[in-house]
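Listed here are the chains, written in short residue letters.
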Amino acid sequence: MRKLWKNRPMWIALIAIVLLIVLAAFTANGRNDGMGDGLFRSAFAPVSEFLHGVQSDVGDFFVRVFTPSKLIEQNEELKATVLEQQQKLALLDETEKENARLSELLNFADANREMRFVTASVIGRDSNPYIDTITLNAGSRSGVTEKMAVITADGVVGRVSEVGPNWCRVKTMCDEKMRISVMVQRTRDEGMLGGLYEEDGTLMGTYLYYLPGKADVRVGDTIRTSGIGGFFPKGLYVGTVISVNEDGKGTHDAIVSMDIDFLHLEEALIVVGVDEAIG
């Protein structure tokens, strides 16, 4: 009996072959049966389903028994290698994108050497209902203090409102209370920018108001910081005029675009010093 049990794979194979033959016979009969065999087929359905399950299990068994362990090991190693390469490609892609963003900031810093910057990454966002506050990973240890301007190559981000040793919180232009002094680059007319303009629940831009009575502002005009107030260096890009209040309703003179994508902002520059105002 023990000798027979030592040949267990052979006996399992023989049993499997018999079961397969029986299953094949019933399947063939199923194709040629007449109406009189309908009840028999219905009664045998559970058995047939069981045999199909046995067939699947037996097939899996043979794969395990007759597939060399070395081949299985190589297959697992190949899967691990493919997964590792996929992870490396994803990391490489992310690194390339980060380098492109940092290169853009570096080019901006090189073009504005009269300002001294600290580069920081976004590590938190507050939404109320827009991204009105962000947290950066630079703080007092890097020379950051409250009210410092925060910018990117695409424009003004906001102003530092709270500082820790290695972090700071920034009130962004999406904060309803944020106000900055600006000017129309073409005419040099000065005004104030702030408040959120929405259409159908979508943030479209900010209000430009307090321009001189005879100011000539047009759609497409570039708006830059004026330097008045001392918080933001003069000449920083803020946005573009997207509409003019020609009917005179309300207190605003125009609507200025908000070009920074605060939801996807990842790095920013904190202006820690200005050697000379820019024009």
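Residues numbered from 1 in each chain as written. Predicted model: local features only at pLDDT ≥ 70, side-chain atom pairs only at ≥ 80, totals over all residues. Heavy atoms only, no water.

## Section: the packing of aromatic side chains
Enumeration according to the criterion identifies two aromatic pairs in this entry. Considering the side-chain rings of Y197 and Y207, the 5.9 Å spacing of their centres and the 75 degrees angle between planes classify their relative orientation as edge-to-face. On the criterion of sequence distance, the pair formed by Y197 in strand β7 (residues 190–199) and Y207 in strand β8 (residues 202–209) is long-range, its members being 10 residues apart. Here Y197 falls in the partly exposed class, since its relative accessible area comes to 21%. Y207 sits in the partly exposed class, given a relative accessible area of 24%. The aromatic ring of F231 is capped on one face by R159, whose charged end is 4.6 Å from the ring centroid. (Phe/Tyr/Trp six-rings, centres within 6.5 Å; stacked < 30°, edge-to-face > 60°. Helix = DSSP H or I, 4+ residues; strand = E, 2+ residues; numbered from the N terminus. Buried < 20%, exposed > 50% of the residue type's maximum accessible area, 1.4 Å probe, protein only. Lys NZ or Arg CZ within 6 Å of the ring centre and 35° of its normal.)

## Some points on the pattern of salt bridges
Within this structure, the stated rule accounts for six salt bridges. The partner of D216 in a salt bridge is R186, with the nearest N and O atoms 3.2 Å apart. Of the two residues, D216 sits in the loop between β8 and β9 (222–225) while R186 sits in the loop between β6 (179–184) and β7, which places them 30 residues apart along the sequence. For D216, a relative accessible area of 32% corresponds to the partly exposed category. According to the relative accessible area criterion, R186 is partly exposed, its value standing at 40%. Ionic pairing is found between D216 and R218, a salt bridge with its closest N-O pair at 3.0 Å. When salt bridges with common partners are traced through the structure, they connect R186, D216, R218 and D221 into a single cluster. (Salt bridge = Lys/Arg side-chain N within 4 Å of Asp/Glu carboxyl O.)

## A word on the nonpolar core
Counting residues in hydrophobic clusters, the biggest one holds 45 residues, and the most contacted among them are L136, L208 and I270. Looking at this core, the element that brings in the most residues is strand β1 (residues 115–127), giving five residues. The residues touching L136, leaving out its near neighbours within four places in the chain, are A120, S121, V122, I123, V150, N166, W167, C168, V170 and I270. (Core = buried A, V, L, I, M, F, W, Y, C linked by side-chain atoms within 4.5 Å. Contact = heavy atoms within 4.5 Å.)

## With respect to unusual backbone geometry
Of note, R188 is a non-glycine position whose phi angle comes to about 70 degrees, a positive value. Here R188 lies in the loop between β6 and β7. Given the relative accessible area of 42%, R188 is considered partly exposed. A positive phi angle is found at Y210, which is not glycine, with a value near 65 degrees. Residue position: Y210 is located in the loop between β8 and β9.

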